[in-house]
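# Fold and contact review
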Amino acid sequence: RPPFSRPMRSPADFFVRTGKPTLAEEQFERIAGGRLQAAEPLVIVARRRLAPLLAAHGNYGDLQRAVDLVDDNLSAGGSSVVDRHLKAVLLASHPRRTRRQEAREIFEDLFDQRWSPTPGDRFLLAQLYTAEGDWPNAAAQLEPLAGASQAQPRHLAAYVEVLLKLDRAAEA
């Protein structure tokens, strides 16, 4: 049994929960980078938790490294829905259009598999469609968000904008 086990991951989780992402990142980096001997499932979790922390830095290099970590997970563990979803979320903010299209394709595939998207996922996919000028698909994602009992103003604004693009002003 490797000397690193689940209880030792808790300091990194604690740092995430208490708003200390730099300290959490250091801990996850030690596990994901192999500086601590750990079982493969824990390395996969560490990479998965490290990726969004890196992407939050807001620079291209760290975003690409975050995507690479998720790709490592997908290579090691098959086609995990969690990792595919994380990759789609990361790629949605990528500066390259082809990578954002890849995010859209991953989201579409997840939706086709009867995966339950969050409102945030629907909104992100709608934004990807909007960026491509695909107004009908954007509207299809935004409609349930705008019709929710506690719709967020940004969802309503995006839906109205898409309806206007579709010349459906009466519905807006």
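The rules behind these values
- Residues numbered from 1 in each chain as written.
- Predicted model: local features only at pLDDT ≥ 70, side-chain atom pairs only at ≥ 80, totals over all residues.
- Heavy atoms only, no water.
- Phe/Tyr/Trp six-rings, centres within 6.5 Å; stacked < 30°, edge-to-face > 60°.
- Helix = DSSP H or I, 4+ residues; strand = E, 2+ residues; numbered from the N terminus.
- Buried < 20%, exposed > 50% of the residue type's maximum accessible area, 1.4 Å probe, protein only.
- Expected span 1.5 Å × (residues − 1).
- Contact = heavy atoms within 4.5 Å.
- pLDDT = per-residue confidence, 0-100.
- Core = buried A, V, L, I, M, F, W, Y, C linked by side-chain atoms within 4.5 Å.
- Axes fitted to C-alpha atoms, helices over the stretch in contact; angles between N-to-C directions.
- Parallel < 35°, antiparallel > 145°, perpendicular 65-115°, else oblique.
- Left-handed = near helix turned anticlockwise from the far one by under 90°.
- Nonpolar A, V, L, I, M, F, W, Y, C, P; charged D, E, K, R; others polar.

Applying the stated criterion across every chain yields a total of 2 aromatic pairs. Note on F107 and F111: the rings are 6.3 Å apart at their centroids and 80 degrees apart in plane angle, and the pair reads as edge-to-face. Placement of the pair is F107 and F111 together in helix α6 (residues 97–112), with a separation of 4 residues, close to one helical turn. By relative accessible area, F111 is classed as buried at 17%. A centroid spacing of 5.6 Å and a plane angle of 45 degrees characterise the contact between F111 and W115, whose relative ring orientation is tilted. W115 matches F111 in its accessibility class, with the two residues each being buried. By the ring-pair criterion, three or more aromatic residues cluster together here, those being F107, F111 and W115.

Let us now look at helix α5 (residues 81–92). For α5, with 12 residues, the first-to-last C-alpha span of 16 Å sits near the 16 Å given by 1.5 Å per residue. Restricting attention to buried positions, one finds in α5 the residues D83, R84, L86, K87, A88, L90, L91 and A92. Residues of α5 that are buried in the fold lie against α3 (40–55), α4 (60–77), α6 and α7 (119–131).

To continue, consider the confidence of the model for the protein chain. In the predicted model, the protein chain carries a mean pLDDT of 89, and the fraction of residues at 70 or more is 93%. Least confident of the elements in the protein chain is helix α1 (residues 6–17), whose mean pLDDT is 65; most confident is α7, at 97. Low pLDDT, under 50, characterises residues 1–5; the predicted model gives this stretch 12 contacts beyond four residues in sequence or across chains.

In this section: the environment of E161. As for its position among the elements, E161 is in helix α9 (residues 153–165). With 97 residues separating them in the primary sequence, E161 and Q64 have C-alpha atoms 32 Å apart.

Our focus in this paragraph is the nonpolar core. Residues F28, L90, F107 and L142 are the most contacted members of the largest nonpolar core, which totals 47 residues. With 7 residues, the top contributor of residues to this core is α3. Excluding residues within four positions of it along the chain, L142 makes contact with F123, A126, H155, A158, Y159 and V162.

For the pair α3 and α5, the least separation of the axes is 11 Å and the interaxial angle reads 15 degrees. Here α5 runs roughly parallel to α3, going by the angle between their axes. Seen from above, α3 lies across α5 with left-handed handedness. The residues of α5 that touch α3, namely those facing I44, R48, A51, P52 and A55, are V82, D83, L86 and L90. Looking at the contact of α3 with α5, its residues break down into 7 nonpolar, no polar and 2 charged.

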